[in-house]
Amino acid sequence: MERFERTRIGIITPDDAVNDDEYWEYVNDDVTLIIDRFRTPARFDPISSKMVATYGDLRLLEDAAETLRITRPHALAFFCNSCSFVGGFGADREICQRMESAGKAPATTTTSAEIDALRTLGVHRVAIAAPYNEEVTLKLKYFLEASGFVVTSVRYLGLTAEWDIGNAAPSVWYQLVKDADTTESDCVLLACTGVRTAPIIEKLEREMGKPLISATAVTVWRALRLAGYISPVPDRGILLKRF
């Protein structure tokens, strides 16, 4: 029987994500995304470290990865940035290990992907832009510093609901990134996989003269590379184009 196969990326996301369409902006036509949601009791609470920590429940993530296993994914990705850094340095690696064991495929979290990208690009000084409140955003700062990077600036919006993050226009993130950028930074990291940046990544990188690590884009990038997919994705930033 003739077969029609594409590179399959299994995506695990909390149930409050509302920007699934953004994920598809970072793949070519020969890639398919298989999305699995999970539910937690804290999903209606305001975003805080305590709230997002429940989204990183290893039992939930193992179950989601096991659900995706039947689709034979080439790689798995956990699309929740804060969930994988609020636990501190090393927490993201434990999540990856549990997902890999349950899903039988190489796995990444968004935070793991960001660290891999920063090292791949050879950058050291990072400006942070984030939709969260100060408490959650500073957890990302501490994670990056524990990973060996220097944080040159931190800007955040103070949003407390994924609904507001996922429905914010790309122009909101464009301005936040511009505000976060400094002459001392080698790149800007825009946190949270709820942001919509596909239309603005190339424009920002041209204007700033440096890479933009957008959480959604970088998670897809890392998952593609783990799957062995190396074809460039045009118009979506330097990572997907050159690395």
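Our subject is the structure that appears above.
This write-up is about the structure you can find in this document. All values derive from a computational prediction rather than experimental measurement. (Residues numbered from 1 in each chain as written. Predicted model: local features only at pLDDT ≥ 70, side-chain atom pairs only at ≥ 80, totals over all residues. Heavy atoms only, no water.)

1. Things to note about the state of the cysteines
Our working definition: Note on terminology: pairs of cysteine sulfur atoms within 2.5 Å are recorded as disulfides. Throughout this description, buried means an accessible area under 20% of the type-specific maximum (1.4 Å probe, protein chains only), exposed means over 50%, and partly exposed covers the range between.
Enumeration over the complete set of coordinates arrives at one disulfide. What pairs with Cys80 in a disulfide is Cys83, and their sulfur atoms sit 2.0 Å apart. The sign of the 55° torsion about the S-S bond sets the Cys80-Cys83 disulfide as right-handed. The same class applies to Cys80 as to Cys83, namely buried. The thiol sulfur of Cys187 is not disulfide-bonded, and the nearest other cysteine sulfur, from Cys192, lies at 18 Å. Residue classification places Cys187 among the buried positions, given a relative accessible area of 0%. Unpaired in terms of disulfides, Cys192 finds its nearest cysteine sulfur in Cys80, a separation of 7.2 Å. Residue Cys192 is classed as buried on the basis of its relative accessible area of 5%.

2. What about the packing of helix α8 (residues 170–180) against helix α9 (residues 201–208)?
Inclusion rule: For helices, the fitted line uses only the C-alpha atoms of the stretch in contact; every axis is such a line through C-alpha atoms, and the angle between N-to-C directions lies from 0 to 180 degrees. Secondary structure elements follow DSSP: runs of H or I of four or more residues count as helices, runs of E of two or more count as strands, with numbering from the N terminus. Any angle from 65 to 115 degrees is called roughly perpendicular, while one under 35 is roughly parallel, one over 145 is roughly antiparallel, and all others are oblique. Left-handed describes a crossing whose near helix is turned anticlockwise from the far helix through less than a right angle; right-handed describes the clockwise counterpart. A contact between two residues is defined here by any heavy atoms of the two lying within 4.5 Å. Residues are grouped as follows: nonpolar covers Ala, Val, Leu, Ile, Met, Phe, Trp, Tyr, Cys and Pro; charged covers Asp, Glu, Lys and Arg; every other residue, Gly included, is treated as polar.
Running from N to C, α8 and α9 point in directions that differ by 25°, and their axes come no closer than 11 Å. When the axes of α8 and α9 are compared, the pair comes out roughly parallel. Crossing handedness for the pair α8 and α9: right-handed. Facing α8, whose interface residues are Tyr174, Val177 and Lys178, α9 presents Lys203, Leu204, Glu207 and Met208. Of the residues that constitute the contact of α8 with α9, the class distribution is four nonpolar, no polar and three charged.

3. Regarding the packing of aromatic side chains
Describing an aromatic ring pair means giving the distance of the ring centres and the angle of the ring planes. Quick reminder of the rule: Pairs were defined over the aromatic rings of Phe, Tyr and Trp, the Trp ring being its six-membered one, requiring ring centres within 6.5 Å. Orientation was assigned from the angle between planes: stacked under 30 degrees, edge-to-face over 60, tilted for the rest. Here, a charge over a ring is recorded when the distance from Lys NZ or Arg CZ to the ring centre is within 6 Å and its angle to the ring normal is within 35 degrees.
Under the defined criterion, the tally for this structure stands at five aromatic pairs. Ring geometry for Phe38 and Phe78: centres 6.2 Å apart, planes at 45°, overall tilted. Of this pair, Phe38 sits in strand β2 (residues 31–38) while Phe78 sits in strand β3 (residues 75–78), and the two are 40 residues apart along the sequence. For the pair Phe38 and Phe78, a shared accessibility class is recorded, and that class is buried. With a centroid separation of 6.1 Å and an interplanar angle of 55°, the aromatic rings of Phe89 and Phe143 are classed as tilted. Here Phe89 is found in the loop between β3 and α4 (91–103), whereas its partner Phe143 is found in helix α6 (residues 134–146), with 54 residues between them in sequence. Each residue in the set Phe38, Tyr55 and Phe78 is aromatic and connected to the rest through ring pairs, giving one cluster. A cation over an aromatic ring shows up here: Arg93 above the ring of Phe89, its NZ or CZ 4.9 Å from the ring centre.

4. Comments concerning the sheet that holds β3
Strand pairing within a sheet occurs via backbone hydrogen bonds; the two strands may be parallel or antiparallel. Here is the rule we go by: Strand pairing requires that DSSP identify at least two bridges connecting the strands.
On the basis of which strands lie adjacent, the open sheet formed by four strands has the order β2-β1-β3-β4 and parallel pairing. Across the chains shown, the open sheet's two edge strands, defined by having one partner strand only, are β2 and β4 (107–109). Across the sheet, the mean angle from the axis of one strand to that of its neighbour is 20°, orientation sign disregarded.

5. Some thoughts on the environment of Asp20
Our working definition: Counting of polar contacts relies on pairs of N or O atoms within 3.5 Å, with two restrictions inside protein: one atom must be capable of donating a hydrogen and the other of accepting it, and residues adjacent in sequence are counted only when both atoms are side-chain atoms.
Relative to the assigned elements, Asp20 resides in helix α1 (residues 20–23). The sequence separation of Asp20 and Ala146 amounts to 126 residues, and the corresponding C-alpha distance is 31 Å. When residues no more than four places from it in sequence are discounted, the contact partners of Asp20 are Ile35 and Arg37. For Asp20, the side chain forms a polar contact with the side chain of Arg37, separated by 2.8 Å.

6. Digging into α4
This is how the line gets drawn: Each residue after the first adds 1.5 Å to the expected span of a helix. Here, the arc refers to the directions that run from the helix axis to the C-beta atoms.
The first and last C-alpha atoms of α4 sit 18 Å apart over 13 residues, in line with the 18 Å expected at 1.5 Å per residue. Looking at α4, one finds that the buried residues are Asp92, Ile95, Cys96, Met99, Ala102 and Gly103. Buried residues in α4, looked at end-on, bunch into an arc of 140°, giving them a common side. The inward-facing, buried residues of α4 contact β1 (7–14), α3 (58–69), β3, β4, α5 (110–121) and α6. In the stretch just after α4, Lys104 is the one whose phi turns positive, near 55°.

In short, geometric facts, not functional conclusions.
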